[in-house]
2 protein chains.
Amino acid sequence: MNNNKTIIKGGYFLTPGTDEPVLSGYMTIEDDLITYIGKEEPQMEAGVQVVDGSRLLFMPGLVNTHGHAAMSLLRGYGDDLALQVWLQEKMWPMEEKFTGDDVYWGTSLSVLEMLKGGTTTFLDMYDHMDRVAEVAELSGIRSVLMRGVIGLCPEDVQNHKLAEAISFARNWHGKAEGRITTMISPHAPYTCPPDFLVKFVQAAHDLDLPMHTHMSETKREVEQNVADYGLRPVAHLEKLGMFTRPSIVAHGVHLNDEEIEILARHNVGVSHNPGSNLKLASGVARVTDLLKAGVKVSLGTDGAASNNNLDMFEEMRLAALIHKGVSGDPTAVPAPEALRMATEYGAQSIFLNNVGRLAVGMKADFIAIDIDQPHLLPHTDLLSHAVYSASAKDVEHVWVNGKQVIKHGQCLTLDEEAIRRKAQEAFEGLLKR
Amino acid sequence: MNNNKTIIKGGYFLTPGTDEPVLSGYMTIEDDLITYIGKEEPQMEAGVQVVDGSRLLFMPGLVNTHGHAAMSLLRGYGDDLALQVWLQEKMWPMEEKFTGDDVYWGTSLSVLEMLKGGTTTFLDMYDHMDRVAEVAELSGIRSVLMRGVIGLCPEDVQNHKLAEAISFARNWHGKAEGRITTMISPHAPYTCPPDFLVKFVQAAHDLDLPMHTHMSETKREVEQNVADYGLRPVAHLEKLGMFTRPSIVAHGVHLNDEEIEILARHNVGVSHNPGSNLKLASGVARVTDLLKAGVKVSLGTDGAASNNNLDMFEEMRLAALIHKGVSGDPTAVPAPEALRMATEYGAQSIFLNNVGRLAVGMKADFIAIDIDQPHLLPHTDLLSHAVYSASAKDVEHVWVNGKQVIKHGQCLTLDEEAIRRKAQEAFEGLLKR
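It should be emphasised that the depicted structure is a prediction, and the values quoted were computed from it without experimental measurement.

Some remarks on the domain arrangement of chain A
Residue and element names in this part refer to chain A. Assigned domains within chain A: domain 1 (5-60 + 356-411) and domain 2 (62-349). Using only C-alpha atoms to locate each centre, domain 1 and domain 2 end up separated by 28 Å. On the side of domain 2, 31 residues touch domain 1, which itself brings 29 residues to the contact. Contact between domain 1 and domain 2 buries roughly 2,400 Å² in total, counting both sides, with carbon and sulfur atoms accounting for 67%. The interface formed by domain 1 and domain 2 holds 1 salt bridge in total. Where domain 1 touches domain 2, the interface holds 8 residue pairs in polar contact (both at pLDDT 80 or more). For the side of domain 1 that touches domain 2, the secondary structure elements donating two or more residues are β5 (56-60), β15 (366-370), α14 (382-388), β16 (395-400) and β17 (403-407). Looking at the side of domain 1 that touches domain 2 residue by residue, the class counts come to 19 nonpolar, 7 polar and 3 charged.

As for the side chain of B:Glu259
All names here are of chain B. Mapped onto the elements, Glu259 comes out in helix α8 (residues 257-265). The exposure class of Glu259 is buried, given its relative accessible area of 3%. If we ignore the near neighbours within four places in the chain, the residues touching Glu259 are Arg232, Pro233, Val234 and His254.

A closer look at helix α4 (residues 155-172) of chain B
All names here are of chain B. Helix length check: α4, at 18 residues, gives a terminal C-alpha distance of 26 Å against a target of 26 Å (1.5 Å per residue), a fit within 8%. Along α4, the residues that are buried comprise Gln158, Lys161, Leu162, Ala165, Phe168, Ala169 and Trp172. In an axial view of α4, the angular spread of the buried residues amounts to 125°, which keeps them on one side of the axis. Exposed side chains of α4 directed beyond 90 degrees from the buried face belong to Glu155, Asp156, His160 and Arg170.

Procedures and definitions
- Residues numbered from 1 in each chain as written.
- Chains lettered and ligands numbered in written order.
- Predicted model: local features only at pLDDT ≥ 70, side-chain atom pairs only at ≥ 80, totals over all residues.
- Heavy atoms only, no water.
- Domains from an automatic or database assignment.
- Contact = heavy atoms within 4.5 Å.
- Buried area = accessible area lost by both parts, 1.4 Å probe.
- Salt bridge = Lys/Arg side-chain N within 4 Å of Asp/Glu carboxyl O.
- Polar contact = N/O pair within 3.5 Å; in protein donor to acceptor, adjacent residues only side chain to side chain.
- Helix = DSSP H or I, 4+ residues; strand = E, 2+ residues; numbered from the N terminus.
- Nonpolar A, V, L, I, M, F, W, Y, C, P; charged D, E, K, R; others polar.
- Buried < 20%, exposed > 50% of the residue type's maximum accessible area, 1.4 Å probe, protein only.
- Expected span 1.5 Å × (residues − 1).
- Arc of directions from axis to C-beta.

Below, the structure is given as structure tokens:
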């Protein structure tokens, strides 16, 4: 009798990077781990839960390596605007009004969207992070959380925010059955003066935690960095010691060859956010060059206000498409590479080395998509279909840490009806205040 | 008593280009036409069918202005390959084996996918067109159909194909309650010698029909055109008389300023296929310049083998995103313009002037999407959500020509189960032959 054992019977499994990237067979989950995957049918002991895998394609859960979940409250509130207009007239005045409750309901809306769409791990950099962690714990999702700090303020406010970031990182690291880990996160080199940024590096050393920041998202901020500090952002962050910590930077759109080499040398990951970079007209990151240099490139949605959804299938597809179109090379970012960016590379680049692949010993974070649909037929190459044809809405089931959280498209852990209503009310409340 | 009258009660309606692009109100459909749209509640006579519009966003049906429906049988069969390898080693050897039945089931699969995803009109250029027309008639979709002719063959074969194209265009124009119209379509300037192309222009004059062709999809074909004929493709087609007919060209990726001016002068539409152009690494069309010059730009999916789905929401979003990212201008192709490209401009550019808008006197081709979902909340700007957040799978209901064809996601006109099975069998059959 084994009540903590689940066997997936007779499905297709995506295992990119192996000899057989589309495996037809079986998978066993015991507690929070994958303990078998292969073609042989495992023994069905009494008490084992059996999941019929026919008509389903199983994949590692998607890993979203950069975002601001609560910003879903501002989805569609300001589009097609120049970046500074969007920030100064739309985002910042509304975000200033965000209460802890707004963050709670905005994050709930995002986590619900992400889980239903097959994202099993997300990185979040925002404020009111205790409320974000509450949602993460309750929902069953895996997350890497951090208080993102903008340092354009008096020193006492700076120090207060830093203390908050440190205390959050210390309190929540390893919580929720280990599903929550934390990082130290100055917002960006252009919003944190050098002496302040150095304090984050020290904190990360003290707590033995990795670091995350926005970097080189726009051409303008790179030019400003050179004007202010005589260095481009990568050399600047290197000089301030950030890369002595395990690190991942978001965006990295405007990089020269030397900067790519520095990132590769320090093993710094880059969270590529194609949807947000296109929508805000930031540009197209040099993803093929980054991958060629050995930089771990993963995928992020950024906040829903600049995306405008949290569909990681779409980011995966954008990553596979735009670098072909812009470079003129149809072999750029092939489907298996795009899939690994959205799963395995994503997990590794936020320092979760036991997440992101369907393999023995890995955490049981996986999803199933319904492949018996017109847009996923005929079954020529299911890995191709996952990257080039599928969407968040094709996700049928989701498991995180061995527990099922989405079943036939319904969330088992969160109250969807309440979240939909509360999120709408929160937005209306912000408009009124 | 009026059995041919439907009233949509209390919904949101997208009417881009008007003073109130998101209208909250009512819409009346009588037979195949929209007879009322506005804020006042119309009188509910006996026998009128009432549709509860709450939780729904109504939009004009999407118009796909370039594709090869039967190619869905090759979805995922060859990705991430150089164009010539893809064509010569993957597509052409398989397409050579296509029978009328293959075309029938491939087209059925595509039409099913399109209808379920909110596409109410599609343009199709392929072979075995009688079988395509059969599917179009049966399914209830609106379509613009044409036998696409490749002229790289002996003269007798050329003439046989041309005769087929003419006879198809004559026989099917105006059929299926007027839902089917036809065009005359040489495949491309690089696959049809000039003297052969001229015969198509003559046929289009004789039948008084518009013309469609692939044009300037790749840089290489433009260079070849100059080498072979001393002219770039636009001037070449102008010289051969094609633009004396109402025309729409597909792709138009590689155009110079003079060519854009010629297209604008002759009122030639351009079907922009962003997904296919990116995937095949053809490049990024000059959409903002085309729009600025007054060229009617619409959207197409191309065949599913180079896309790899027929989700027009995705094409709409790609059109809104990539031109921002590549130009560096976040105001490029704003949401209402992307929506009009996918609807109104699409219909106009394939010469269906009573399709593509929710307005009195227009054909009742419209769709409803379920907006009470996490990724479409909060309700900040529903037009933005339709363009930047929604997908084909959010479509709940579809009406074409006043008749409902999709209800709660289920197709009322086609046998989905049979099509799924037959499409898979057709692909397997092609592999074996």
